[in-house]
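Results of the structural survey
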Amino acid sequence: MRLSPETLFENWTPEASVWSPWAKPVVFATMPSSMQRDMTKLAPPKLRSKAIPPADGATALIIDLPGGESVNVGAALAAYGYQPVPLFNGVPAPRNTPSAVNNTTLARHLAVYADDVAEINLRPEAPPAFLIASDRMTPRRRKARPGDFDNRWMVFPQDFPSGHFLIEQRIDRAVVIQTTRPALDSDLSHVLLSWQKAGVAIEHLCLPEGREPTKITVRRPLGFRWLCRRALVTLGLRRNSAGGFGGVVPQPSEGGGGYYG
């Protein structure tokens, strides 16, 4: 059975959750109709790592993994008691169109796990697991060709609740889950530094290693709290009419480059 984009989104973002207002609807709104529930059912994902912090209400998670894997881990974390919050802001490419970033896989997994997440019936106060994609700004090939779909995207502090809001919700710890040793991209560093300054301890968990999270200190990234930073860093990205980022690379003007960014 196919579900509407609205229902898929609602399954991931229960109205009673305090974190649902931050979820991004753009991927759901731009899913091709052939993708919505028209996929072989996947087995509910399981996490093997015993290092996942318990959902005790004092810890927020940021899942910074490749798009499809981020969704899979988010769905698994729902069974742990975390409310997954999809923050994906890049549009899936139209069918048969080469894309800079593979947002299609994460969209498919959002569709296929929507029922599983909704059936868990998480409590309204369940702590958040914010889902982003580690490959959000990494094009699959360096050179852009006319007709390619440039759907790279970034995160901004405004995409997340503030550190002060987290503290008000009695969350004083945030754990970033990656597949590598600590390697924070600049855009995420802006988010985490603002949390750190508000009194939220930042920790890192390398998922494949399965060790306990380790505390890290987020260094000041270039342009931290510049008023014009958002406008400057999005100059090379393509806005989508449905919201978020994603657009066709046009024919280059004379003398123009053919590289992403």
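Heads up: these notes are all about the structure in this document. These numbers were taken from a predicted model, which means no experiment stands behind them. (Residues numbered from 1 in each chain as written. Predicted model: local features only at pLDDT ≥ 70, side-chain atom pairs only at ≥ 80, totals over all residues. Heavy atoms only, no water.)

1. A look at helix α3 (residues 67–80)
In plain terms, the rule: Helix and strand labels come from DSSP, where a helix needs a run of H or I of at least four residues and a strand needs a run of E of at least two; each type is numbered from the N terminus. Given the number of residues in a helix, its expected span is that number minus one, multiplied by 1.5 Å. Each residue is assigned to one of three classes by its accessible area relative to the maximum for its type, calculated with a 1.4 Å probe on protein chains only: buried under 20%, partly exposed between the two thresholds, exposed over 50%. Note on definitions: a residue-residue contact is assigned when non-hydrogen atoms from the two residues lie within 4.5 Å.
Taking 1.5 Å per residue, 14 residues should reach 20 Å; α3 reaches 20 Å between its end C-alpha atoms and fits that length. Among the 14 residues in α3, ten count as buried, and that is most of the element. Here α3 has its buried residues at G67, G68, S70, V71, V73, G74, A75, A76, L77 and A78. Contacts made by the buried residues of α3 are with α1 (5–12), β1 (59–65), β2 (83–86), α4 (103–112), α5 (114–120) and β3 (128–133). Following α3 by one or two positions, G81 adopts a phi angle in the positive range, close to 110°.

2. Here's the deal with the packing of α3 against α4
This is how it is decided: Only the stretch in contact is used when fitting a helix axis, every axis being a line fitted to C-alpha atoms; angles between N-to-C directions are given from 0 to 180 degrees. Just so you know how the angles are binned, under 35 degrees is roughly parallel, over 145 roughly antiparallel, 65 to 115 roughly perpendicular, and the rest oblique. We call a crossing left-handed when the near helix sits turned anticlockwise from the far one by less than a right angle, and right-handed when that turn is clockwise. When residues are sorted by character, Ala, Val, Leu, Ile, Met, Phe, Trp, Tyr, Cys and Pro go into the nonpolar class, Asp, Glu, Lys and Arg into the charged class, and all the rest, Gly among them, into the polar class.
Relative to each other, α3 and α4 sit at 20°, their axes nearing to 7 Å. Judged on the interaxial angle alone, α4 and α3 are roughly parallel. Read as a crossing pair, α3 and α4 show a hand that is right-handed. Judged by residue contacts, G67, G68, V71 and N72 of α3 engage T105, L106, H109 and L110 from α4. Taken together, the residues of the contact of α3 with α4 sort by class into three nonpolar, five polar and no charged.

3. As for unusual backbone geometry
Even without being a glycine, N96 presents a positive backbone phi close to 65°. N96 sits in the exposed class, given a relative accessible area of 76%. Although it is not a glycine, R170 adopts a positive phi angle of roughly 70°. Among the secondary structure elements, R170 is positioned in the loop between α6 (163–168) and β5 (173–178).

4. Describing the pairing of β5
This is how the line gets drawn: Any two strands with at least two DSSP bridges between them are considered paired. With the strands pointing away from the viewer, any crossover whose connection runs clockwise from the first strand over the helix to the second is right-handed.
Most of β5 sits inside the fold, with six of its six residues counted as buried. With burial as the criterion, each face of β5 is covered, one bearing R173, V175 and I177 and the other bearing A174, V176 and Q178. Pairing analysis gives five bridges linking β1 to β5, with the strands arranged parallel. Pairing of I63 across the sheet is with I177, part of β5. Following the backbone out of β5, through helix α7 (residues 186–198) and into the adjacent parallel strand β6 (residues 201–206), one traces a crossover that is right-handed.

5. With respect to the nonpolar core
In plain terms, the rule: Working definition of a nonpolar core: buried Ala, Val, Leu, Ile, Met, Phe, Trp, Tyr and Cys residues. They are joined through side-chain atoms within 4.5 Å.
Within the largest apolar cluster, 68 residues are counted, with the highest numbers of intra-cluster contacts made by W12 and W195. Once residues within four sequence positions are removed from consideration, W12 is found in contact with F28, V71, A75, Q83, P84, P86, H109, L110, Y113, A114, V117 and L131.

6. Concerning the pattern of salt bridges
Which entries qualify depends on this criterion: Each reported salt bridge corresponds to a side-chain nitrogen of Lys or Arg within 4 Å of a carboxyl oxygen of Asp or Glu.
Tallied over the full model, the rule gives seven salt bridges. The partner of R152 in a salt bridge is D150, and the shortest N-O contact between them spans 2.8 Å. Take R152 and D150: they sit in the same class, and that class is buried. Here the salt bridges do not stand alone but share partners, grouping D64, R136, D185 and D187 into one network.

7. Regarding α4
Rule in force here: By the criterion applied in these results, polar contacts are pairs of N or O atoms within 3.5 Å in which, for protein atoms, one can donate a hydrogen and the other can accept it, and in which residues neighboring in sequence qualify only through two side-chain atoms.
A large share of α4 lies buried, amounting to eight of its ten residues. Listed in full, the buried residues belonging to α4 are N103, T104, L106, A107, H109, L110, A111 and V112. Next to the buried residues of α4 lie α1, α2 (26–29), α3, β2 and α5. Near the N-terminus of α4, the side chain that reaches the backbone nitrogen of T104, with its oxygen 3.3 Å away, is that of N102.

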